[in-house]
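Chains, contacts and geometry: an overview
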Amino acid sequence: MEFLKKFFERTEPYVEKGARFHWLHSVHNGFFTFLFVPKTTSASGTHIHDYLDLKRTMTIVVLALVPALLFGIYNTGFQHFKAIGELESSGFMQLFFYGLLKVLPIIIVSYITGLGIEFIFAQIRGHEINEGFLVSGMLIPLIMPVETPLWMIAISTAFAVILGKEVFGGTGMNIWNPSLLARAFLFFAYPSQMSGNSVWVALGKNDQAIDSFTGATPMADAAAGNINFSPADAFFGFIPGSVGETSTLAIILGAILLIVTGIGSWKIMLSTVAGGVAMGIVLNIFAGTNIYMALPFWQHLIIGGFAFGAIFMATDPVSAAQTEKGKWIYGFLTGILAILIRVLNPAYPEGMMLAILIMNTFAPTIDYYVVQGHIKRRMKKVKISV
Amino acid sequence: MSDPLFSNKNLKLLTEPLGKSNPITVQVLGICSALAVTAQLKPALVMTLSVIAVLALSNVIISLLRNTIPNRIRIIVQLVIIASLVILVDQILKAFVYDVSKQLSVFVGLIITNCIIMGRLEAFALGNRPWQSFLDGVGNAAGYGWILIVVGFVRELFGSGSIYGYRVIPDSWYMTNGGFYENNGMMILPPMALITVGIIIWIQRSRNRELIEN
């Protein structure tokens, strides 16, 4: 570590204003503060800072994503070997490495594209590189089908970072969750790669799938009217789906870390789940002969992207509601909308992405009315002395 | 009076709407049709020509009549003139380029409601001489048109893999034929037209800082 520190300190004069490599100064600064605690102190305003700056916050979220990522990698291998009927004859490491070879390129492409764009914009605008993409870059691979072509990942990442974030002024200014925007872009631009039954399980050109293989996710099956997944499989994650979303257990592990460290809002998580449960119960009551509507309400929480969205997407501190009361409303409506879209709209097999994006749009409105209500209530107590 | 036909002042009427006072990117008028007809280049081009014709002619006519139109009924007079010209254009399109006319469908008729036309009549033709009004009309319609054409070009290229109806992306690239490429379905949808216009506005304003509002 010492030589790294020396390297950055020694190169510092070269990137100062007027020096030869000044155009690299935000890159230099970005890496330096990524590795070491910044040595600058406040010149004005607040002088006492929490040790928990943006970089540490982001690191914890990435840590919270690790269980889902590891399981996603394993599950990619698991689904592949299951599809070609060689599950029994393949060892754990074989499964894991197959998944790693599939998932790692997606992660690399997502990070290179996103960080590259962030670096370029920071350089042009002359401000520091923001760390916001550290999490987005990890979230994007986790919510994509494993068979998404890499160039599509690159385009959607670029779209999300440029039009979802940079046009609004960079990290902290975005209206929508950037990683969901990347997914939404792919969903509408290349529907054949984002839905259907052939994109969720990695199959090489020469692989021969066994006869009983369909590749459909539990939700695609349910929408078609047959429920054929076991709740245990769905909970532990042995089902086809986007890379990181399948295992509810791994997601809960991440959620615990987020809640314990206070980085993710437990209010949003809880109210989103409550919204999903409420809508599920309502659908159960009015189900009649509709098999999907009759799906026990708690099973909605473990299939598809509901858990992942509730824990990692809806809680994005920038695009979610900011007020405490607003968080309850925001989360609850997200849960309701997600299940509503999922079950009742045949065009969209999964509603979580759209639900969160819609609620992102309305979050400022919710906050506005919460604050106004607050002001009104307090104003009643004000005694006007003449 | 003694101005030569193409004096600097007159030329400015023609060129300014192309950039600094562009009806779409600066005044943000005529957005609706810009979104609707730009999924492909051909309709965008035909729309551009139609708007140039309607705007230039109606500008000239209003300018000729400007001293005889009673102020209180000027809007209705303007509408009558625009509407007659639009019907004329519509009939010509139907006669000579029927398929494009079908594609444009109601949007040719809706040129009547295009705010750019009404705006130029009110703001310019009512107070200026016919030649200047003509230049102003052509300039504004061309300023509107080149945005349409750029958006149409981008959307057709990435959305359908062709330019002006000719395939430019080889068939063998497509996934259905074993390649790697796929058309961007979002380009066909109106939101992407809005985003493309937005990007043009972004580029224009970062090049020309005086356009940025406070």
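Residues numbered from 1 in each chain as written. Chains lettered and ligands numbered in written order. Predicted model: local features only at pLDDT ≥ 70, side-chain atom pairs only at ≥ 80, totals over all residues.

**Concerning the overall build of chain A**
Looking only at helices and strands, chain A features 15 helices and zero strands. For chain A, the C-alpha radius of gyration of 23 Å lies close to 21 Å, the compact-globule estimate for 386 residues. Its C-alpha atoms give chain A principal-axis dimensions of about 70 × 65 × 35 Å. In chain A, buried positions account for 43% of the 386 residues. Partitioning the contacts of chain A with sequence separation of at least 6, the portion at a separation of at least 24 is 71%. (Helix = DSSP H or I, 4+ residues; strand = E, 2+ residues; numbered from the N terminus. Rg over C-alpha atoms; globule rule 2.2 N^0.38 Å. Buried ≥ 20, exposed ≤ 12 C-beta atoms within 10 Å, placed from the backbone. Contact = placed C-beta atoms within 7 Å.)

**Describing the overall build of chain B**
Along its length, chain B carries ten helices and two strands. For chain B, the succession of helices and strands along the chain, N to C, is α-α-α-α-α-α-α-α-β-β-α-α. Projected onto its principal axes, the C-alpha coordinates of chain B cover approximately 70 × 45 × 30 Å. Out of the 214 residues in chain B, the part that is buried amounts to 34%. Residue pairs at least 24 apart in sequence account for 74% of intrachain contacts in chain B once pairs closer than 6 positions are excluded.

**Some remarks on the confidence of the model for chain B**
Summarising the model, chain B shows a mean pLDDT of 88, and 98% of its residues fall at 70 or more. Here the predicted complex scores 0.86 on pTM and 0.83 on ipTM. (pLDDT = per-residue confidence, 0-100.)

**Side note on the domain arrangement of chain A**
All names here are of chain A. Under the domain assignment, chain A is made up of domain 1 (2-35) and domain 2 (59-205 + 219-370). Spacing between the C-alpha centres of domain 1 and domain 2 amounts to 36 Å. On the domain 2 side, the residues contacting the five residues of domain 1 number six residues. (Domains from an automatic or database assignment.)

**Observations concerning the packing of helix 7 (residues 178-189) of chain A against helix 15 (residues 352-381) of chain A**
All names here are of chain A. The contact between helix 7 and helix 15 brings their axes to 10 Å, and the two run at 125°. Considering the angle they form, helix 7 stands oblique to helix 15. Relative to helix 15, the crossing made by helix 7 is left-handed. Residue-level inspection shows Leu-180, Arg-183 and Ala-184 of helix 7 in contact with helix 15, the latter providing Met-353, Ile-356 and Leu-357. For the contact of helix 7 with helix 15, the per-class residue count stands at five nonpolar, no polar and one charged. (Axes fitted to C-alpha atoms, helices over the stretch in contact; angles between N-to-C directions. Parallel < 35°, antiparallel > 145°, perpendicular 65-115°, else oblique. Left-handed = near helix turned anticlockwise from the far one by under 90°. Nonpolar A, V, L, I, M, F, W, Y, C, P; charged D, E, K, R; others polar.)

**Brief notes about the interface of chain B and chain A**
Tallying the contact residues gives eight residues for chain B and ten residues for chain A. At the level of elements, helix 9 (185-188) and helix 10 (190-207) of chain B are the ones that each hand at least two residues to the side of chain B that touches chain A.

**Some remarks on the packing of helix 12 (residues 266-285) of chain A against helix 13 (residues 306-313) of chain A**
All names here are of chain A. Running from N to C, helix 12 and helix 13 cross one another at 150°; their axes reach a closest spacing of 9 Å. As far as their axial angle goes, helix 13 and helix 12 are roughly antiparallel. Where helix 12 crosses over helix 13, the handedness of that crossing is right-handed. For the pair helix 12 and helix 13, contact is made by Met-269, Thr-272, Val-273 and Gly-276 and by Phe-306, Ala-310 and Ile-311, respectively. Residue composition of the contact of helix 12 with helix 13, by class: five nonpolar, two polar and no charged.

**Quick look at unusual backbone geometry**
All names here are of chain B. Backbone geometry at Val-28 places phi at a positive 50°, although glycine is not the residue there. Locating Val-28 in the fold gives a position in the loop between helix 1 (8-15) and helix 2 (31-36). When the 12 C-beta atoms within 10 Å are taken as the criterion, Val-28 is described as exposed. In this structure, Tyr-164 is a non-glycine residue whose phi angle is positive, near 50°. Here Tyr-164 lies in the loop between strand 1 (162-163) and strand 2 (166-167).

**Some details on the nonpolar core**
Within the largest apolar cluster, 134 residues are counted, with the highest numbers of intra-cluster contacts made by Phe-185, Ile-311, Tyr-330 and Ile-356 of chain A together with Val-54 of chain B. Discounting chain neighbours no more than four positions away, the residues touching Tyr-330 of chain A are Ile-268, Ala-320, Ala-321, Met-359, Ala-363 and Ile-366 of chain A. (Core = buried A, V, L, I, M, F, W, Y, C linked by C-beta atoms within 7 Å.)

**Re the environment of Asp-136 of chain B**
Residues and elements named next belong to chain B. Along the chain, the position of Asp-136 falls in helix 8 (residues 130-160). Along the sequence, Asp-136 and Ala-125 sit eleven residues apart, while their C-alpha atoms lie 8.4 Å from each other. Residues within four places of Asp-136 in sequence aside, it is in contact with Leu-13, Asn-59, Arg-120 and Phe-124.

**Some words on the environment of Ile-356 of chain A**
All names here are of chain A. Turning to its location among the elements, Ile-356 is positioned in helix 15. Taking the C-beta count within 10 Å as the criterion, Ile-356 has 28 such neighbours and is therefore assigned buried. Sequence-wise, Ile-356 and Ala-338 are 18 residues apart; in three dimensions their C-alpha atoms are separated by 7.8 Å.

**Some details on helix 13 of chain A**
Burial runs high along helix 13 of chain A: eight of the eight residues are buried. All buried positions along helix 13 of chain A are accounted for by Phe-306, Ala-307, Phe-308, Gly-309, Ala-310, Ile-311, Phe-312 and Met-313 of chain A.

**Regarding helix 11 (residues 248-261) of chain A**
Residues and elements named next belong to chain A. Look at helix 11: 20 Å from first C-alpha to last across 14 residues, which is about the 20 Å you get at 1.5 Å a residue. For helix 11, every residue scored as buried is listed here: Thr-248, Ala-250, Ile-251, Gly-254, Ala-255 and Leu-258. Looking down the long axis of helix 11, one finds its buried residues gathered within 155° of arc, a one-sided arrangement. If you follow the buried residues of helix 11, they end up packed against helix 3 (54-83), helix 10 (231-236), helix 12 and helix 13. (Expected span 1.5 Å × (residues − 1). Arc of directions from axis to C-beta.)

**Quick word on the environment of Met-313 of chain A**
Residues and elements named next belong to chain A. For Met-313, the location among the structural elements is in helix 13. Residue class for Met-313 comes out buried when judged on the 27 C-beta atoms lying within 10 Å of it. Distance from Met-313 to Phe-96, taken between C-alpha atoms, is 26 Å for residues 217 residues apart in sequence. Setting aside its immediate chain neighbours within four residues, Met-313 contacts Asn-177, Leu-180, Phe-308 and Ile-356.

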